[in-house]
Amino acid sequence: MTDSISPSDQRTVTRIVVPAVHSMLSLLGHQDELLHVIEQALPSDIYVRGNEITITGQPGENALAAKLFAELIALLESGTELTPSHVNHSLSMLRSGSEERPAEVLTLNILSSRGRTIRPKTLNQKRYVDAIDVHTIVFGIGPAGTGKTYLAMAKAVQALQSKQVNRIILTRPAVEAGERLGFLPGTLYDKIDPYLRPLYDALHDMVDPDSIPRLIQSGTIEVAPLAYMRGRTLNDAFIILDEAQNTSGEQMKMFLTRLGFGSKIVVTGDITQVDLPSGTRSGLRVVREILDGVDDVHFATLTSTDVVRHRLVSDIVDAYARWDAASAPSPRPAQAGRRDRR
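Criteria and cut-off values
- Residues numbered from 1 in each chain as written.
- Predicted model: local features only at pLDDT ≥ 70, side-chain atom pairs only at ≥ 80, totals over all residues.
- Heavy atoms only, no water.
- 1 Å grid on protein atoms, 1.4 Å probe; cavity = no way out; pocket = protein on both sides within 12 Å on 5 of 7 lines; lining within 4 Å.
- Points joined across faces, edges and corners; volume = space filled by probe spheres on them.
- Helix = DSSP H or I, 4+ residues; strand = E, 2+ residues; numbered from the N terminus.
- Nonpolar A, V, L, I, M, F, W, Y, C, P; charged D, E, K, R; others polar.
- Buried < 20%, exposed > 50% of the residue type's maximum accessible area, 1.4 Å probe, protein only.
- Arc of directions from axis to C-beta.
- Contact = heavy atoms within 4.5 Å.
- Patch = residues over 30% accessible without salt bridge, like charges linked within 9 Å, V, L, I, M, F, W, Y side chains within 5 Å.
- Areas by Shrake-Rupley, 256 points an atom, 1.4 Å probe, with all protein chains shown as cover.
- Salt bridge = Lys/Arg side-chain N within 4 Å of Asp/Glu carboxyl O.
- Pairing = 2+ DSSP bridges.
- Axes fitted to C-alpha atoms, helices over the stretch in contact; angles between N-to-C directions.
- Core = buried A, V, L, I, M, F, W, Y, C linked by side-chain atoms within 4.5 Å.
- Lys, Arg positive; Asp, Glu negative; His and termini not counted.

### Considerations on the layout of surface pockets
Item 1. In this structure, the largest pocket encloses a volume near 910 Å³.
Item 2. Lining the largest pocket are 37 residues, with Gly-145, Gly-147, Tyr-150, Val-308 and Arg-309 sitting closest to its centre.
Item 3. Looking at the lining of the largest pocket, the elements with two or more residues in it are α4 (84-96), β6 (116-118), α7 (148-161), α8 (188-206) and β11 (264-269).
Item 4. Considering only residue class, the lining of the largest pocket consists of nine nonpolar, 15 polar and 13 charged.

Have a look at this one:
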């Protein structure tokens, strides 16, 4: 990489020579799809000729662009097939000033299954995954689409496969989001099953579907509503509580005290989507105050920048946050004290 000063406008010109071993098609995308993403995200002018990339712009923006191309080349060297999300997530990490390199974050393999590899896609996701490795109890708190449950499930399957635990226990509270459980047809299991379906869906991505009934039958994998946890001690297990914003304070205490020897707990939830009856305070909101400073308990926070679903999901999360902030009632001014008349 070389830099020079353009005499016409005093802007910096940075030149990058891409090693011949890498295809420019792999780096820039089909019909320059990835190059267009980079050009839209950065104000510098980018020109490509052969395997040389010329960047013209302000020194700071040029440096950012050069770092971005270096990370994308490093991803190619690791065997990663680049997508627009790699570009966007790498750029977000570089702008955050984090010490972690995007290429290291985006190539951290958690689990390989059925021809696909599960990895964190953002810096906060990597920190969340790292916290699960280090701590006994981890809370993953963030909006929809940030991978809270999916990554926790991948770590659970990884722990089971490496024999760190003997079983996986997946649970969520059976709380309606506006519907009424009793109106659903069928047995109690049929009524509960829709609430647990997202956990089954994630499990199917990571374990051979044909083996899941056998694993459930043997108790190696257990999927059950939160109420079924009461009175138990869970040893040598990886336990995930999903949708924890819909637990009461009492339920959260009950769940956390199920922890046995050799076990790990991950609690996930979104405190902006509470479906509890009016007047019931979410156990996920309260627990952070209660367990703050307790050793071996970690709270990982994910934000709209960690959303890995459709781009609009991140925009929707931000739009609702702005609306909630604007709609919050203003604090009432303190009443002036009465002056005694003598």
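Having seen it, we continue.
### Let's talk about helix α2 (residues 33-41)
Because each turn of an α-helix spans 3.6 residues, side chains separated by three or four positions in sequence point in the same direction.
Item 1. Among the residues making up α2, those that are buried are Leu-34, Leu-35, Val-37 and Ile-38. In a view along the axis of α2, the buried residues occupy a sector of 160°, so they form one face of it.
Item 2. Residues of α2 that are buried make contact with α1 (24-28), β3 (45-49), α3 (59-77) and α4.

### Focus: a nonpolar patch on the surface
Item 1. Together, Leu-312, Ile-316 and Tyr-320 make up a nonpolar patch on the protein surface, roughly 320 Å² of accessible area in all.
Item 2. Within the secondary structure layout, Leu-312 lies in helix α12 (residues 311-327).

### Regarding the sheet that holds strand β10 (residues 237-241)
Item 1. The strand order across the open sheet built from six strands is β9-β8-β10-β11-β7-β12, with neighbouring strands paired in parallel fashion. Edge strands, defined here as strands with exactly one partner in the open sheet, are β9 (221-225) and β12 (297-301). When strand polarity is set aside, the average angle formed by the axes of neighbouring strands in this sheet is 15°.
Item 2. Note: strand β8 (residues 167-172) against β9, five bridges, orientation parallel.

### Observations concerning the nonpolar core
Item 1. Core analysis: the biggest nonpolar cluster contains 34 residues, and Tyr-128, Met-153, Leu-170, Leu-203, Met-206 and Phe-238 have the highest contact counts within it.
Item 2. Listing elements by their share of this core, those giving two or more residues are α6 (123-134), α7, β8, α8, α9 (212-218), β9 and β10.
Item 3. The dominant element in this core, judged by the number of residues it contributes, is α7, at eight residues.
Item 4. Setting aside residues up to four positions removed in sequence, Tyr-128 forms contacts with Val-138, Gly-140, Gly-147, Lys-148, Leu-151, Ala-152, Val-266, Thr-268 and Ala-300.
Item 5. In terms of nonpolar packing, the next biggest core, distinct from the first, is built from 32 residues, Ile-55, Leu-64, Ala-66 and Leu-72 among them.

### What about the side chain of Arg-258?
Item 1. Mapping Arg-258 onto the fold places it in the loop between α10 (249-256) and β11.
Item 2. Lacking a salt bridge, the buried Arg-258 has Glu-222 as its closest oppositely charged neighbour, with an N-O distance of 12 Å.
Item 3. Here Arg-258 is in contact with Met-229, Gly-231, Arg-232, Thr-233 and Leu-234, once residues within four sequence places are set aside.

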